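Now for the letters of each chain:
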Amino acid sequence: MIEARERGTPKGREPIHWKLVTNVPVPDFASAIQMLDWYSLRWKIEMYHKVLKSGCQVEQSKLRTAERLINLLAVQCVVGWRVFWLTMMNRTDPEAPGEIAFTPDEIAILHRLSCESESPGTLAACTRLLAKLGGYLARAHDPPPGTMVLWRGLIRLTDIQLGFQLKRRLVGK
């Protein structure tokens, strides 16, 4: 068993106090720290699985063979990773350029759909516009958008992008 208490707790909240039970040997302090590091990633894993279950709806698949299920999961894992990664990057590095997560076409579409005169340059601006497609209200005191609203926005953006590509093909002929 490992017991850990947070030091330097921010004002206004209780310190974190974990009591963890593990079947992994913890012979020294460094091993205990490693276990705490592993456990601290648990909520991220839970969020990723939520994207797979609720967004990708992997459990709703009607595929009957293992090979088909594996192929579906391979694609869904990539999509789920993109939604999860975008959520985390927006929280940890919002001032990064939007191009690290969005294609030039996606940025152009997000800009056209917004009523803003300036093209979204930062990851935060692009993510906010994407989240608004998914139902995010973007009020002044709203928390950053979560995985599910980004998932819905990404689905809508993909549909809109397919429409733009279809128009380009038809006009180009």
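Read on for a plain summary of the structure. (Residues numbered from 1 in each chain as written. Predicted model: local features only at pLDDT ≥ 70, side-chain atom pairs only at ≥ 80, totals over all residues. Heavy atoms only, no water.)

If you tally the helices and strands in the protein, you get 6 helices and 2 strands. Moving toward the C terminus, one meets the helices and strands of the protein in the order β-β-α-α-α-α-α-α. At 21 Å, the protein has a C-alpha radius of gyration far larger than the 16 Å of a compact globule built from 173 residues. Counting only C-alpha atoms, the protein reaches 70 × 50 × 25 Å along its principal axes. Out of the 173 residues belonging to the protein, those deemed buried represent 30%. For the protein, the proportion of contacts with a sequence separation of at least 24, taken over those separated by at least 6, is 49%. When the accessible surface of the protein is split by element, carbon and sulfur atoms take 58% of a total near 12100 Å². (Helix = DSSP H or I, 4+ residues; strand = E, 2+ residues; numbered from the N terminus. Rg over C-alpha atoms; globule rule 2.2 N^0.38 Å. Buried < 20%, exposed > 50% of the residue type's maximum accessible area, 1.4 Å probe, protein only. Contact = heavy atoms within 4.5 Å. Areas by Shrake-Rupley, 256 points an atom, 1.4 Å probe, with all protein chains shown as cover.)

Here helix 6 (residues 147-172) spans 36 Å end to end across 26 residues, near enough to the 38 Å set by a 1.5 Å rise per residue. All of the buried residues in helix 6 are Thr147, Met148, Val149, Leu150, Trp151, Gly153, Leu154, Leu157 and Gln161. Along its buried surface, helix 6 packs onto helix 2 (42-55), helix 3 (66-92), helix 4 (104-113) and helix 5 (123-133). (Expected span 1.5 Å × (residues − 1).)

Time to look at the packing of aromatic side chains. On inspection of all chains with the given rule, the structure shows 3 aromatic pairs. Geometrically, the ring pair formed by tyrosine 48 and phenylalanine 84 is edge-to-face, given 6.2 Å between the ring centres and 75° between the ring planes. Separated by 36 residues along the polypeptide, tyrosine 48 in helix 2 and phenylalanine 84 in helix 3 bring together distant segments of the chain. (Phe/Tyr/Trp six-rings, centres within 6.5 Å; stacked < 30°, edge-to-face > 60°.)

A few words now on helix 1 (residues 29-40). The end-to-end C-alpha distance of helix 1 is 17 Å, a good match for the 16 Å that 12 residues give at a rise of 1.5 Å each. Within helix 1, the full set of buried residues consists of Ser31, Ala32, Met35 and Leu36. One face of helix 1 carries all of its buried residues, which in axial projection span an arc of 145°. Buried residues belonging to helix 1 abut strand 1 (2-5) and strand 2 (17-20). (Arc of directions from axis to C-beta.)

For glutamine 57, which is not glycine, the phi dihedral falls at a positive 50°. Tracing the backbone shows glutamine 57 in the loop between helix 2 and helix 3. Although it is not a glycine, alanine 138 sits at a positive phi angle of roughly 55°. Considering the arrangement of structural elements, one finds alanine 138 in the loop between helix 5 and helix 6. Residue classification places alanine 138 among the partly exposed positions, given a relative accessible area of 28%.

What follows covers the layout of surface pockets. To find leftover empty space, a probe the size of one water molecule is rolled over the atoms. There is about 250 Å³ of room inside the largest pocket. Every residue along the wall of the largest pocket is listed here: Ile2, Glu3, Ala4, Arg5, Glu6, Arg7, Ile16, Trp18, Phe29, Ala32, Ile33 and Leu36. Residue assignment for the lining of the largest pocket shows that the elements contributing at least two residues are strand 1 and helix 1. (1 Å grid on protein atoms, 1.4 Å probe; cavity = no way out; pocket = protein on both sides within 12 Å on 5 of 7 lines; lining within 4 Å. Points joined across faces, edges and corners; volume = space filled by probe spheres on them.)

The subject of this paragraph is the packing of helix 4 against helix 5. In contact at an axis separation of 10 Å, helix 4 and helix 5 are set at 65° when each is read in the N-to-C sense. For the pair helix 4 and helix 5, the sense of crossing is left-handed. Judged by residue contacts, Ile107, Leu110 and Leu113 of helix 4 engage Cys126, Leu129, Leu130 and Leu133 from helix 5. Grouping the constituent residues of the contact of helix 4 with helix 5 by class yields 7 nonpolar, no polar and no charged. (Axes fitted to C-alpha atoms, helices over the stretch in contact; angles between N-to-C directions. Left-handed = near helix turned anticlockwise from the far one by under 90°. Nonpolar A, V, L, I, M, F, W, Y, C, P; charged D, E, K, R; others polar.)

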